[in-house]
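# Structural features, examined
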Amino acid sequence: MLLHDRPAFYGNARVHLLRRWCRLFSNSGFYCQGRMDLDQRSWWHNPQFAAATGGFFVAGDPARRAINTLEAWDTVRRDMIVLLLRDLVERKVEGDLAELGVFRGSTARLIHHYLPERKFYLFDTFTGFAERDIQIEGATTGRHTKSSEFALTTLDLARANVAQQNDNVEFYPGYFPQSAPTFLSQRRFAFVNLDADLYEPTFAGLNFFYERMVPGGYILVHDYSSWPGARKAVQEFFKDKPETPVPMPDKSGSALISKMRLGAA
Ligand SMILES: C[S@@+](CC[C@H](N)C(=O)[O-])C[C@H]1O[C@@H](n2cnc3c(N)ncnc32)[C@H](O)[C@@H]1O
């Protein structure tokens, strides 16, 4: 490259330095993660493309949407969830939202503030894993965990973190699926985030929500590639279904399922 071509020289030098810097950490737990090209702070940002499509938002969509941060080490999951929600808006896929496994509400906050106009049902014991589920987990997967894991939360703390914009968010504390109110059977869902880690609640979540998903709606199961019970539940549940769960490369390895139309298999 010619040295008088300054923009190209500095551009290449910048990429070279970034590569070296990231390589320094590439074998550690925290790797340098580039922002998506859609992101205005990305080095590879393409303003023409982002302006034409709306980037993380849908071009021409009049709704007020905000993108809240997840944990700093989980940017791939944050971007994935935003793009899935964006996709529902763009394709006009109607339906409610739900999350099983809220803990302190960081993912719930992200989802609600992006789609505040939709009903959003939230389920958690808010006291951590149930003893019954822990026993089943040990027996079916050999993974031993404790009820104290995720016990450091409260309903009030989760409410404060979610900071709901309107009365579309409803919390149902208690053991799922028993905590699901009866009217919920009549609702239809466009996006369900299953983040309960263990086999038993993950299977119960799939069992409850799958048949209530609208075609083209998304089920996202967190921890598919990190918790053996979540993985087992997904694999067992979808053995006789037309959809194939798609493994995603976020930190804990989610699985994504897009609900098919009846007879579309
Ligand atoms: C990994 S945490 C959820 C994290 C959360 N999505 C976030 O954004 O931080 C898993 C949660 O699932 C909840 N959980 C697990 N089994 C449950 C069940 N059967 N009923 C209700 N909540 C359950 C636990 O209480 C725990 O808070």
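The residue count restarts for each chain, going from 1 along the sequence in the order it is written. Residue-level local features of this predicted model are given only where pLDDT is at least 70; pairs of side-chain atoms are given and counted only at 80 or more, and the full residue set underlies all totals for whole chains, interfaces and linings.

### Notes on the nonpolar core
By our criterion, buried Ala, Val, Leu, Ile, Met, Phe, Trp, Tyr and Cys residues that link up through C-beta atoms within 7 Å make up a nonpolar core. Here a residue counts as buried when 20 or more other C-beta atoms sit within 10 Å of its C-beta, as exposed when there are 12 or fewer, and as partly exposed otherwise, the C-beta atoms being derived from the backbone. If you look at the biggest cluster of nonpolar residues, it comprises 54 residues, and the most contacted ones within it are Leu85, Ile111, Phe191 and Ile219. Excluding residues that lie within four positions of it along the chain, Leu85 makes contacts with Ile111, Tyr114, Leu115 and Phe191. By the convention adopted here, residues are in contact when the distance between their C-beta atoms, placed from the backbone, does not exceed 7 Å.

### Topic: helix H3 (residues 75-90)
Each helix is a run of H or I in the DSSP string that is no shorter than four residues. Each strand is a run of E no shorter than two, and both are numbered from the N terminus. In this analysis, the expected span of each helix is defined as 1.5 Å times one less than the number of residues it contains. Taking 1.5 Å as the rise per residue, H3 with 16 residues should run 22 Å; its terminal C-alpha atoms sit 22 Å apart, in good agreement. Looking only at H3, the buried set comprises Arg77, Ile81, Val82, Leu84, Leu85, Arg86 and Leu88. Lining the buried residues of H3 we find helix H4 (106-114), strand E4 (189-194) and strand E5 (213-221). The first or second residue beyond H3 is Lys92, which carries a positive phi of 55°.

### Thoughts on the domain arrangement of the protein chain
As a measure of interface size, the accessible area lost when the parts come together is often cited. Per the annotation, domain bounds derive from an automatic or database assignment of domains. The domain architecture assigned to the protein chain consists of domain 1 (1-29), domain 2 (33-60) and domain 3 (63-258). Its C-alpha centre places domain 2 at a distance of 27 Å from the equivalent point of domain 3. Facing 5 residues of domain 2, the contacting portion of domain 3 comprises 9 residues. Classification used: nonpolar for Ala, Val, Leu, Ile, Met, Phe, Trp, Tyr, Cys and Pro, charged for Asp, Glu, Lys and Arg, polar for all others including Gly. Among the residues forming the side of domain 2 that touches domain 3, the class breakdown is 4 nonpolar, 1 polar and no charged.

### Considerations on the sheet that holds strand E6 (residues 246-247)
Spatially, the 7 strands line up as an open sheet ordered E3-E2-E1-E4-E5-E7-E6, and their pairing is mixed. Where the open sheet ends on each side, the last strands, each with one partner, are strand E3 (169-173) and E6. Any two strands are treated as partners once DSSP identifies two or more bridges connecting them. Bridge count between E4 and E5: 5 bridges; the pairing is parallel. Counterpart to Leu194 in the pairing with E5 is Val221. Here, axes are lines fitted to C-alpha atoms. For helices the fit covers the stretch in contact, and angles between N-to-C directions go from 0 to 180 degrees. Together, strand E1 (96-100), strand E2 (120-124), E3 and E4 form the strand contacts of H4, whose direction differs from that of E1 by roughly 175°.

### Thoughts on the environment of Asn166
Along the polypeptide, Asn166 turns up in the loop between helix H6 (155-162) and E3. Linking Asn166 and Tyr121, residues 45 residues apart in sequence, is a C-alpha distance of 13 Å.

### Comments concerning the site of the ligand
Using a C-beta atom placed from the backbone, a residue is described as near a molecule or strand when that atom lies within 6 Å of it. Close contacts around the ligand come from 21 residues, with Gly101, Phe103, Thr107, Phe176 and Pro201 the closest. Looking at the shell around the ligand, the elements with two or more residues in it are H4 and E2. By residue class, the composition of the shell around the ligand is 11 nonpolar, 5 polar and 5 charged.

### What to know about the packing of helix H5 (residues 131-141) against helix H7 (residues 199-209)
With their axes 8 Å apart at the nearest point, H5 and H7 run at an angle of 100° to one another. Considering the angle they form, H5 stands roughly perpendicular to H7. For the pair H5 and H7, the contacting residues are Asp133, Ile136, Glu137, Thr140 and Thr141 in the first and Tyr199, Glu200 and Pro201 in the second. In the contact of H5 with H7, the residues fall into 3 nonpolar, 2 polar and 3 charged. Roughly parallel here means an angle under 35 degrees, roughly antiparallel means over 145, roughly perpendicular means 65 to 115, and every remaining angle is called oblique.

### Side note on unusual backbone geometry
With an omega dihedral of 15°, the bond running from Phe176 to Pro177 counts as a cis peptide bond. Relative to the helices and strands, Pro177 is located in the loop between E3 and E4. You will see that Lys92, though not glycine, has its phi angle at about 55°, which is positive.

### Remarks on the pairing of E5
Within a regular strand, side chains alternate between the sheet's two faces. For the crossover that starts at E4, traverses H7 and ends in the parallel E5, the hand is right-handed. In terms of strand pairing, E5 meets strand E7 (residues 255-258) through 4 bridges, oriented antiparallel. Counted as the bridge partner of Tyr218 is Ser258 from E7. Handedness of a crossover: with both strands directed away from the viewer, a clockwise path from the first strand across the helix to the second marks it as right-handed.

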